[in-house]
Amino acid sequence: MQTVLIGCDPEFAMYNKRTGEGISSIGIIPGSKEHPEPVKGSTVGLKIQPDNVTVEMNITPVRVGEFAKAVTLGFAELREEVMRLTDSSIALYAGDSFEYPEAALRVPEAVTLGCNPDQLAHMRGEMRPPPKAADFGNRRMLAGHIHIGYNKEEVPIPDWAVVQGAEALAYVPLFLESGIDVQEYRREFYGVPGLFRSKPYGFEYRTPCSYWIRTPRVVDDFAEVVEVIVNNPLKFQDIWSRINFKEVHELIALNGISSRRRATLATLRELREELMETANG
């Protein structure tokens with residue numbers, strides 16, 4: 001049986017607790033995309049870096065069932081490190097997006113976004129050019145990217161189909177329906193259905209924002225679905241063929257508000273239960 005590993009690189013906004021004003025991470029948070037900064041003494045391999053004006057963190061990948069505890073410890077260590085680098089008036093915000101003062105966005109780093117194209121699972125992995133910072137105004141989006149690792153050579157299913165399945169059977173009923181990932185601004189740009197990047201080790205699921213840090217158990221549950229998928233490809237292919245992905249796409253794009261919402265969710269829950277029963281024997 002393949003063991004799935006979970007990693008992440010969520011982004012958070014620093015802000016002043018007294019004024020509510022967004023604080024740019026540029027010049028405050030060490031590290032870079034190419035060389036994230038290890039946090040000394042971290043128990044979970046925490047590394048940090050500025051990403052545009054936000055703060056990004058990642059931890060050493062862990063097995064399914066271990067993620068919630070590991071990332072909670074990592075986030076606590078991140079808060080301590082931010083306080084050490086700033087002061088007690090600065091806090092971290094996790095969610096959809098955050099607005100920054102104009103002055104914080106005038107430096108070149110604040111208008112530079114990731115240049116690698118994303119892929120669309122519902123278009124069989126078709127590439128999508130990245131949005132431009134000019135489209136965001138004074139807001140910056142807060143990603144909650146989830147990295148899933150498995151041996152792709154042993155799985156006869158393309159990663160875009162695995163993303164589709166995990167999105168339909170885990171993201172929709174666990175994240176979206178529970179209110180963990182309702183996105184007000186980000187949905188249009190990065191929260192689109194089935195957004196991912198194919199990786200040598202698996203894939204990076206890019207649709208969620210960073211709000212899930214409040215309930216990280218859902219990421220363990222998401223990865224558990226992937227683990228069952230990659231270990232039961234024939235069963236998954238049968239279930240995949242019975243998912244109405246047009247309805248899944250619509251439900252996500254409309255933040256869970258759809259005329260078919262109740263029926264779609266009922267079907268997805270039934271199919272999820274059927275898939276998970278396969279793992280239980």
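Residues numbered from 1 in each chain as written. Predicted model: local features only at pLDDT ≥ 70, side-chain atom pairs only at ≥ 80, totals over all residues. Heavy atoms only, no water.

> Describe the pairing of strand β1 (residues 5-16), with residues and values.
Burial analysis of β1 places 10 of its 12 residues in the buried class, which makes it a mostly covered element. By the bridge criterion, 2 bridges tie β1 to strand β6 (residues 62-63) in an arrangement that is antiparallel. Residue I6 lies in a different strand from β6, and its bridge partner there is V62. Where β1 meets strand β12 (residues 144-149), 6 bridges bridge the pair, whose relative direction is antiparallel. Note that in β12 the partner of I6 across the bridge is I148. Where β1 meets strand β5 (residues 54-58), 2 bridges bridge the pair, whose relative direction is antiparallel. Bridged to E11 within β5 is E56. Of the pairings in the sheet, the one linking β1 to strand β7 (residues 90-93) comprises 4 bridges and is antiparallel in character. (Buried < 20%, exposed > 50% of the residue type's maximum accessible area, 1.4 Å probe, protein only. Helix = DSSP H or I, 4+ residues; strand = E, 2+ residues; numbered from the N terminus. Pairing = 2+ DSSP bridges.)

> If you had to explain the environment of E80 to someone new, which residues and values would you point to?
Among the structural elements, E80 can be located in helix α1 (residues 67-85). Along the primary structure E80 and H145 are separated by 65 residues, whereas in three dimensions their C-alpha atoms are 22 Å apart.

> I'd like to hear about the pattern of salt bridges, residue by residue, with values.
Applying the stated criterion to the full structure yields 17 salt bridges. D159 serves as the salt-bridge partner of K152, at 2.9 Å between the closest nitrogen and oxygen. Classification of D159 as buried rests on a relative accessible area of 11%. A salt bridge links K235 to E274; its shortest N-O distance comes to 2.6 Å. Highlighted residues: K235 in helix α4 (residues 233-240) and E274 in helix α6 (residues 261-279), separated in sequence by 39 residues. Overall, the relative accessible area of 26% leaves K235 in the partly exposed class. E274 sits in the partly exposed class, given a relative accessible area of 22%. (Salt bridge = Lys/Arg side-chain N within 4 Å of Asp/Glu carboxyl O.)

> Residues and numbers for the environment of F236, please.
With respect to the secondary-structure elements, F236 resides in helix α4. Among residues more than four places away in sequence, those in contact with F236 are I157, A161, G165 and I229. (Contact = heavy atoms within 4.5 Å.)

> Residue-level account of the packing of helix α2 (residues 159-176) against α4, with values.
The N-to-C vectors of α2 and α4 enclose an angle of 65 degrees; their axes lie 11 Å apart at closest approach. The orientation of α2 with respect to α4, classified from their angle, is roughly perpendicular. Between α2 and α4 lies a crossing whose hand is left-handed. Across from W160, A161, Q164, G165 and L169 in α2, the residues of α4 making contact are F236, I239 and W240. Residue composition of the contact of α2 with α4, by class: 6 nonpolar, 2 polar and no charged. (Axes fitted to C-alpha atoms, helices over the stretch in contact; angles between N-to-C directions. Parallel < 35°, antiparallel > 145°, perpendicular 65-115°, else oblique. Left-handed = near helix turned anticlockwise from the far one by under 90°. Nonpolar A, V, L, I, M, F, W, Y, C, P; charged D, E, K, R; others polar.)

> Lay out the nonpolar core with the relevant residues and their values.
Residues L78, I148, F175, F203, W212 and F222 are the most contacted members of the largest nonpolar core, which totals 69 residues. It is α2 that provides the largest number of residues to this core, a total of 13 residues. One finds A13, F98, L105 and A110 within the second-largest nonpolar core, a separate group that totals 8 residues. (Core = buried A, V, L, I, M, F, W, Y, C linked by side-chain atoms within 4.5 Å.)

> I'd like a description of helix α3 (residues 217-231), backed by residues and values.
Side chains of residues three or four places apart in an α-helix project in the same direction, reflecting 3.6 residues per turn. Over its 15 residues, α3 extends 21 Å from the first C-alpha to the last, a length consistent with the 21 Å expected when each residue adds 1.5 Å. With respect to burial, α3 is a largely interior element, 12 of its 15 residues being buried. Of the positions making up α3, those classed as buried are V218, V219, D220, D221, F222, A223, V225, V226, E227, V228, I229 and V230. (Expected span 1.5 Å × (residues − 1).)

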